[in-house]
Amino acid sequence: MFNNGRIAVIRNIVRAALLSSALLTVGVGGALAEDTIVWWDFLGGGDGVRMKSLIDQFNTEHKGQVQIQATTLDWGTPFYTKVQTSTAVGQGPDVMTYHESRIPLGITTGALSVITPEEQAASGIKSSDFEPANWKQAQGPDGKQYAIPLDIHSIILYYNKDELKKAGLLGDDGKPKGLDGAANFDAALAALAKTGVTPLSIPTADGATMWRIFYTLFNQQNGAQFLSADNKFLDGDANIADATKALTEMNSWVKNGYTPAKTEYPASIALFTSGKAAMHINGVWEVPTMVDLAKKGQLFDWGAIQIPVFYDHAATWADSHSFAIPDRKGNEVPAAKRKEVLDMIHWFNEHSLSWAGGGHLPAYKPVRDSADFKNLKPNSDYSSLAATAVFDPVSTLAGVASPVYDAAGNYLMPGMNGEMAPADAISQLQSDLQGQVQ
Amino acid sequence: MTTISETTPPQPLVERRPRPADRSEWWAALIFTIPFVIIYAVLFIYPTLQMIWLSLQKAPLIGPGTFNGISNYVRLFHDRLFWVAFWNTAYFVLLSVIPSTLLGLLIALGVNRLKGFAQSIVLACFFLPYILPVSVVYRIWLFMLDQQFGVLQPIIAIFAGTHLNVFRTLSLFMPAVAFVTVWWLTGFNVLLFIAGLRNISPDIYESASLDGATRWQQFWRITWPLIWPVTVLVLTIQLILQFKIFDQVYLFGDGGRSDSTMGMVQLIYRNAFQKNMGGYAASAAVVLFAIIVIFSVLQYQLLRARGEK
């Protein structure tokens, strides 16, 4: 039967339970006093690590006021589908990352909410702090703002200083010389080939890369317009000619043996980092790969610059990570929360220097103009591209993992690798995309 | 052998009324099956009917649409991409179903000859690929077959004269993907076949060899007929599975000429999720569903009829 020992134990248990539930209430109550911003992004790998540390910094600085609760989802179509399906039923986050190239489709499917000028002003977000093209890309056909840019990410030319020096292509400032102009670039490739190295490695098996390089070369020509105002792809003979010129140039590198054909993405990077290839065209997101290898002493003297001007004027393909607030049907993000989110976006823009460690260029001009950024290598070597960056055509068919990217894999990739004549590839590309316009 | 008529008394011609015990058995049966039936109806029957209804509409992925009869189907059969996807899927099924079944049987026959620890180790080795997720399988084979640095390229160079990006060469794409798929999934077939082989009593083989049967005769006259039900099962499972091929074809074809390499499920995925055309995608899904049902039933009936000779 019960004895004093057992009663004591039971009494202690009851006391402990009461104490812990009291503490829990206080703790939970305390936590409830601060707001939570539910955040979805698609940033994995090195980008994910960088963003996480930024989020942690934000949470530390805003303890007791607002905390970010972040979830990372799969990059690409799965992310955008999930956003679309959840906002349609009133679920979803308070803020999400969004590629600017996907905004047209996001607007059509009703996933994005408008960020009014008053809201922007209340949080200190000014359009003058961003490049005009970058800012405009986040707008809908109605001219309203649907997202705030965070960064500009683009393709650049990585180069091996030692190999370029051997071929006489390195200036005294350590930057390549004699690469501007298509004929000069081809001559430079020939000079590099003479020294026995593979001149240029490109992910030639990857449609996405084909698109980015093609779009860059296309837009460097005067008057080139991939999508006309009345939704026509490569409208008119001039645009077709410009497109064919760009693809023919890309094909010539493979035909002349300067660029290995059908090289997979990881292999193309390995060709460069192992020293077999003198130059490499890839996205800025591979900068951390180079930086980390260099830190371990496993990389030669390397550098990166903006893609050279092949034709009439400078231009580089770019896309932009931006922040958007979803349009949750029936469960809109309340006004107070929206203010917190926009304040948070402004904070991230002001602190985007550490985000630039991923190779990206901060979209926020004050950061790009700061001394700290000017000292950040190699980003400051290619940050000039931001002024002439060209973004994906504004179309529901364009953007990451879109029909335009698929068409690049179907036509530009075989066109560059010599499976299809460039003129043929361009005309098929044009009719494919035009046929999908609804 | 005794027959039934010798041991049981003749049955009365009048049907007996159901005893109360029968009714309670009915109740028990209902209680046990109703939960499954409800879940099955909600999670399978209802969405399938909704999908068929969706295929008759012009609708986005989410949201209401307008009824437009069978025009989705008409458009589908005129769509070049549909036929590409259809023939790609059929080609893939041809390249993967029979080889993986036969290979599974071969390996099972071999493994069955081993004893004890050796058998366990060898069986584990053949089964190991099956436990890998598809993304890992994709990475392994992309790495091994990489045109620049892949370890298998020297072997390919012997046949093709040069290093080849196998997955970017249209004529080699499906065979390569089928090869990887067979490597990945054969282990499961091996298990099924071993179970079937173990059911054959060794006495039959003993008496056959005593009668002077050769190894081939033993296989063809004893093993093959007795294992026939398992073979039919494996073939049917594989057929249904490979008709639904998506992962490997999507992964290996990504960034390449996907309009030439895609399968049926990828067509559905693209139309539904990338192009936001829910009704059109649903019509493709209904067609695939019908194809799988027809082919698997046909195959099962044909094979079973042959086996029961």
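What counts and how
- Residues numbered from 1 in each chain as written.
- Chains lettered and ligands numbered in written order.
- Predicted model: local features only at pLDDT ≥ 70, side-chain atom pairs only at ≥ 80, totals over all residues.
- Helix = DSSP H or I, 4+ residues; strand = E, 2+ residues; numbered from the N terminus.
- Rg over C-alpha atoms; globule rule 2.2 N^0.38 Å.
- Buried ≥ 20, exposed ≤ 12 C-beta atoms within 10 Å, placed from the backbone.
- Contact = placed C-beta atoms within 7 Å.
- Nonpolar A, V, L, I, M, F, W, Y, C, P; charged D, E, K, R; others polar.
- Domains from an automatic or database assignment.
- Pairing = 2+ DSSP bridges.
- Axes fitted to C-alpha atoms, helices over the stretch in contact; angles between N-to-C directions.

Considering the overall build of chain A
Item 1. Helices and strands together make up the secondary structure of chain A, namely 18 helices and 12 strands.
Item 2. In terms of principal-axis extent, the alpha carbons of chain A reach across some 95 × 55 × 45 Å.

Re the overall build of chain B
Item 1. Across its full length, chain B carries 15 helices and 2 strands.
Item 2. Relative to a compact globule of 309 residues, whose C-alpha radius of gyration would be 19 Å, chain B shows 26 Å and is clearly more extended.
Item 3. Each principal axis of the C-alpha distribution contributes one length, and for chain B these read about 75 × 60 × 35 Å.
Item 4. Looking at chain B residue by residue over its 309 residues, the buried ones come to 30%.
Item 5. Nonlocal contacts in chain B, meaning residues at least 24 apart in sequence, comprise 71% of its contacts between residues at least 6 apart.

A few points about the interface of chain B and chain A
Item 1. Tallying the contact residues gives 17 residues for chain B and 25 residues for chain A.
Item 2. In the side of chain B that touches chain A, the residues fall into 4 nonpolar, 9 polar and 4 charged.

So, the domain arrangement of chain B
Residues and elements named next belong to chain B.
Item 1. For chain B, the domain assignment lists domain 1 (19-71) and domain 2 (79-307).
Item 2. With centres defined by C-alpha atoms, the gap from domain 1 to domain 2 works out at 32 Å.
Item 3. If you look at the interface, domain 1 gives 10 residues, while domain 2 gives 9 residues.
Item 4. Listed by contribution, the elements that provide at least two residues to the side of domain 1 that touches domain 2 are helix 2 (20-54) and strand 1 (57-58).
Item 5. Residue classes in the side of domain 1 that touches domain 2 are distributed as 6 nonpolar, 3 polar and 1 charged.

Some remarks on the domain arrangement of chain A
By a widespread convention, an interface's size corresponds to the accessible area lost as its parts come together.
Residue and element names in this part refer to chain A.
Item 1. Per the domain assignment, the segments making up chain A are domain 1 (28-152 + 320-374) and domain 2 (154-318 + 384-436).
Item 2. If you average the C-alpha positions of domain 1 and of domain 2, the two centres end up 30 Å apart.
Item 3. At the junction of the two partners, domain 1 supplies 20 residues and domain 2 supplies 19 residues.
Item 4. Of all the secondary structure elements, the ones that give two or more residues to the side of domain 1 that touches domain 2 are helix 4 (103-108) and helix 6 (132-137).
Item 5. No other element matches the 3 residues that helix 4 contributes to the side of domain 1 that touches domain 2.
Item 6. Each residue belonging to the side of domain 1 that touches domain 2 can be placed in one class, and the counts come to 5 nonpolar, 11 polar and 4 charged.

Examining helix 11 (residues 265-273) of chain A
Item 1. Where helix 11 of chain A is concerned, the buried positions are Ala267(A), Ser268(A), Ile269(A), Leu271(A), Phe272(A) and Thr273(A).
Item 2. One or two steps after helix 11 of chain A, the chain reaches Gly275(A), where phi turns positive at roughly 85 degrees.

A few points about the sheet that holds strand 4 (residues 148-149) of chain A
Residues and elements named next belong to chain A.
Item 1. Reading across the sheet, the 5 strands line up as 2-1-3-10-4 and stay open at both edges, with mixed pairing between neighbours. At either end of the open sheet lies a strand with only one pairing partner, and these are strand 2 (66-72) and strand 4.
Item 2. In this sheet, strand 3 (residues 95-99) lies alongside strand 1 (residues 35-41) in parallel orientation, the contact comprising 2 bridges. Opposite Trp39, over in strand 3, you have Val95 as the bridge partner.
Item 3. Sheet contacts for helix 13 (residues 335-350): strand 1, strand 2, strand 3, strand 4 and strand 10 (321-324); angle to strand 1, the most-contacted strand, approximately 60 degrees.

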